[in-house]
Amino acid sequence: MLATVTNFLFQAKTGYPDSWKPAFLAMQLGFLAGALAVVIRISVLLFTVDEWQQIIFWEITFATVVGIGFLLHTTGRAEVGVLLACLGGVGSATAYILLLGWDVYFHIWYLNLAILLIAVPLRGWIKWSWASAFLLIDVLMFLFVSESQPLISATPGVIQFLGVSNILGSLFLLGLPMAMYSHFLVLEREKSESLLHNIIPKDLANILREGDGVLALDNANVSVMFADIVGFTPLASKLSAREVVDLLNGIFSEFDDICRKNGIEKIKTIGDAYMAVAGLPAARADHAQVLVDVGFEFFETIKKYQTINANQLEMRIGIHSGDAVSGVIGKSKFSFDIWGDSVNLASRLESIGQPGTIHVSEETLNLLDETSLEVIPQQSEIKGKGTMRTFLIHKK
């Protein structure tokens, strides 16, 4: 029973507008705090004011209006519910001012409710027209009612109690929703930045954010890797769609962890191929060596997935070192990418390499510590380049 009531009060319903959801809990707490304030005020007035009947009649009348607004808000009719509740609040404030005088500080609710309407995601003309109307009522009440004698007398202690409660209540009603909404915005910004950094390196994302929206960099001395899973296509034809996705996700997620651990920038996946680069966004002298080391870690990872449905999964890797251009392209589904001869050559080296080996160019080999490597020279025909000296490397 308690769980049912809690879910009803504090869980946004299916039809509740998405734009209102950040403030849903704060609004509900505000409504409940208002209800508690009504109970306290009625209890105090019953025992301290002789002519309490008229005050409590109007209190209950407008509290009922606010309560209907609360139910509408709770059940997903956020806009109508909040407007009706604000109308009830203005009515209650006006009744208190006329009955007990200006000093009870109920006039503060005209301003509070106007600010609240401006803050919540109402349609523009609605929020501004209603907020302006509340402010106009505040001005008119100040000009024509603030000096008037109250219709019902109350002790200074009661007046002071009501005044202080209204000041504190306004802080709760406005402060809590705005604080929670600000916290939500911080969380959403952190989530958005995290997603952005999964697409664009953090340092480059900051440059893009602070610049003119165009990011293009010349990157000298980088190493580019293409890693392709050999045997995946025939295996995929025997698996369900879910099994294919789970398999690739498992392999590439481990590759992501390896790259993150070694400071390598993953560029993208292309089908069952994985592309990464070392040496950007921050330059590093060991870009070739670290990328080769990562390649060997990839081989160890793929061994765990080798025997699946009697198929042998292996990996072929190509690496070339040189210059490249990097940047962000596109307006929708944009991506960080690299281009240039180094990229093309790394791709060619992968495609003509052998499973279980890393196929590197001479430029890459010259940057490696060969003491722990077995190096097999090759004469390779590279499209657009002709015959080139390349090297297949293994760990000794």
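Residues numbered from 1 in each chain as written. Predicted model: local features only at pLDDT ≥ 70, side-chain atom pairs only at ≥ 80, totals over all residues. Heavy atoms only, no water.

J.: Just checking my understanding: could you explain the overall build of the chain for this structure?
T.: Scanning the chain from terminus to terminus reveals 13 helices and ten strands. Taken over C-alpha atoms, the radius of gyration comes to 34 Å for the chain, far larger than the 21 Å a tight globule of 396 residues would show. Counting only C-alpha atoms, the chain reaches 105 × 45 × 35 Å along its principal axes. Of all 396 residues assigned to the chain, the portion counted as buried reaches 43%. Sequence separation of 24 or more characterises 68% of the internal contacts of the chain that already satisfy a separation of 6 or more. For the chain, the exposed area adds up to about 20700 Å²; of that, 61% sits on carbon and sulfur atoms. Here the chain carries 28 positive and 38 negative side-chain charges, and the mean point of each set is 5 Å from the other. (Helix = DSSP H or I, 4+ residues; strand = E, 2+ residues; numbered from the N terminus. Rg over C-alpha atoms; globule rule 2.2 N^0.38 Å. Buried < 20%, exposed > 50% of the residue type's maximum accessible area, 1.4 Å probe, protein only. Contact = heavy atoms within 4.5 Å. Areas by Shrake-Rupley, 256 points an atom, 1.4 Å probe, with all protein chains shown as cover. Lys, Arg positive; Asp, Glu negative; His and termini not counted. Charge placed at Lys NZ, Arg CZ, Asp CG, Glu CD.)

J.: Would you take a moment to explain the environment of Glu350 for this structure?
T.: Along the chain, Glu350 falls in helix α12 (residues 341-351). Ignoring sequence-local partners within four residues, the contact set of Glu350 consists of Phe226, Asp228, Arg316, Ile317 and Gly318.

J.: Would you explain the side chain of Lys127 in this entry?
T.: Along the polypeptide, Lys127 turns up in helix α6 (residues 124-144). Put simply, Lys127 is tucked away with no salt bridge, and the nearest opposite charge, on Glu79, sits 9.3 Å away. Once you skip the residues sitting within four places of it in the chain, Lys127 turns out to touch Leu117, Ile118, Val120, Pro121 and Leu122. (Salt bridge = Lys/Arg side-chain N within 4 Å of Asp/Glu carboxyl O.)

J.: In this structure, what is going on with the packing of aromatic side chains? I would like to understand it.
T.: To describe a pair of aromatic rings, one takes the distance between the centres and the angle between the planes. Overall, the coordinates contain 13 aromatic pairs when judged by the stated rule. A centroid spacing of 5.0 Å and a plane angle of 75° characterise the contact between Phe57 and Trp58, whose relative ring orientation is edge-to-face. You can call Trp58 partly exposed: its relative accessible area is 33%. For the ring pair Phe255 and Tyr274, a centre distance of 5.4 Å and an interplane angle of 90° mean the geometry is edge-to-face. Residue Phe255 is located in helix α10 (residues 241-262), and its partner Tyr274 is located in strand β3 (residues 273-278); the two are separated by 19 residues in the primary sequence. (Phe/Tyr/Trp six-rings, centres within 6.5 Å; stacked < 30°, edge-to-face > 60°.)

J.: In this structure, what is going on with unusual backbone geometry? I would like to understand it.
T.: Peptide bonds are, in most cases, trans, and in most cases residues other than glycine have a negative phi. Omega for the peptide link from Leu280 to Pro281 comes to 5°, which places this bond in the cis form. Within the secondary structure layout, Pro281 lies in the loop between β3 and α11 (287-303). Phi is positive for Tyr105, close to 65°, though the residue is something other than glycine. In this structure Tyr105 comes out as partly exposed when scored by relative accessible area, which is 38%. The backbone of Asn221 shows a phi angle near 60°, a positive value even though the residue is not glycine. Within the element layout of this structure, Asn221 appears in strand β1 (residues 216-230).

J.: Please explain the pattern of salt bridges as it appears in this structure.
T.: Any two side chains of opposite charge can pair, given that their charged atoms come close. Taken as a whole and judged by the stated rule, the model has 15 salt bridges. With its nearest N and O atoms 2.6 Å apart, the salt bridge here joins Lys304 to Glu254. In this pair, Lys304 sits in the loop between α11 and β4 (307-308) while Glu254 sits in helix α10, placing the two residues 50 residues apart along the sequence. What makes Lys304 exposed here is its relative accessible area of 57%.

J.: Help me understand the packing of α10 against α11 in this model?
T.: Each pair of packed helices can be summarised by the angle the axes make with each other and by the distance between the axes. At a minimum axis distance of 10 Å, the contact between α10 and α11 shows a crossing angle of 150°. With respect to α11, the axis of α10 lies roughly antiparallel. Between α10 and α11 lies a crossing whose hand is right-handed. In contact with Ile251, Glu254, Phe255, Ile258, Cys259, Lys261 and Asn262 of α10, α11 contributes Val290, Val294, Glu297, Phe298, Thr301 and Ile302. (Axes fitted to C-alpha atoms, helices over the stretch in contact; angles between N-to-C directions. Parallel < 35°, antiparallel > 145°, perpendicular 65-115°, else oblique. Left-handed = near helix turned anticlockwise from the far one by under 90°.)

J.: Looking at this structure, how should I read the packing of helix α5 (residues 108-119) against α6?
T.: Interaxial distance between α5 and α6 falls to 9 Å at its minimum, and their mutual angle equals 170°. Taken together, α5 and α6 sit at an angle that is classed as roughly antiparallel. For the pair α5 and α6, the contacting residues are Tyr110, Leu111, Leu113, Ala114, Leu117 and Ile118 in the first and Lys127, Trp128, Trp130, Ala131, Phe134, Leu135, Ile137, Asp138 and Met141 in the second. Tallied by class, the residues present in the contact of α5 with α6 amount to 13 nonpolar, no polar and two charged. (Nonpolar A, V, L, I, M, F, W, Y, C, P; charged D, E, K, R; others polar.)

J.: Would you mind showing me how to read α5 here?
T.: Every α-helical turn comprises 3.6 residues, leaving residues that sit three or four positions apart pointing alike. For α5, which comprises twelve residues, the first-to-last C-alpha distance of 17 Å matches the rise-based estimate of 16 Å (1.5 Å per residue) to within 8%. Residues of α5 that are buried: Ile108, Trp109, Tyr110, Asn112, Leu113, Ala114, Leu116 and Leu117. (Expected span 1.5 Å × (residues − 1).)

J.: What is the right way to read the pairing of strand β6 (residues 314-329) from this model?
T.: Within a regular strand, the side chains alternate between the two sheet faces. Within β6, twelve of the 16 residues are buried, which leaves the element mostly enclosed by the surrounding structure. Relative to strand β8 (residues 358-361), β6 runs parallel, the two being bridged by three bridges. Pairing of Gly318 across the sheet is with His359, part of β8. Looking at chain direction, β6 and strand β7 (residues 335-339) are connected through five bridges and run antiparallel. Following the sheet pairing, Val325 is matched in β7 by Trp339. (Pairing = 2+ DSSP bridges.)

J.: It is not clear to me how the nonpolar core should be interpreted in this structure. Could you clarify?
T.: Generally speaking, nonpolar side chains in soluble globular proteins are found buried as a group. Core analysis: the largest hydrophobic core is formed by 41 residues, its most contacted members being Ile55 and Leu100. Looking at this core, the elements that each hand over two or more residues are α2 (24-48), α4 (78-100), α5, α6 and α7 (156-199). Counting residues per element, this core draws most heavily on α4, which supplies ten residues. Those residues in contact with Leu100 that sit more than four places away from it in its chain are Ile55, Pro150, Ile152, Ala154, Ile159 and Leu162. (Core = buried A, V, L, I, M, F, W, Y, C linked by side-chain atoms within 4.5 Å.)

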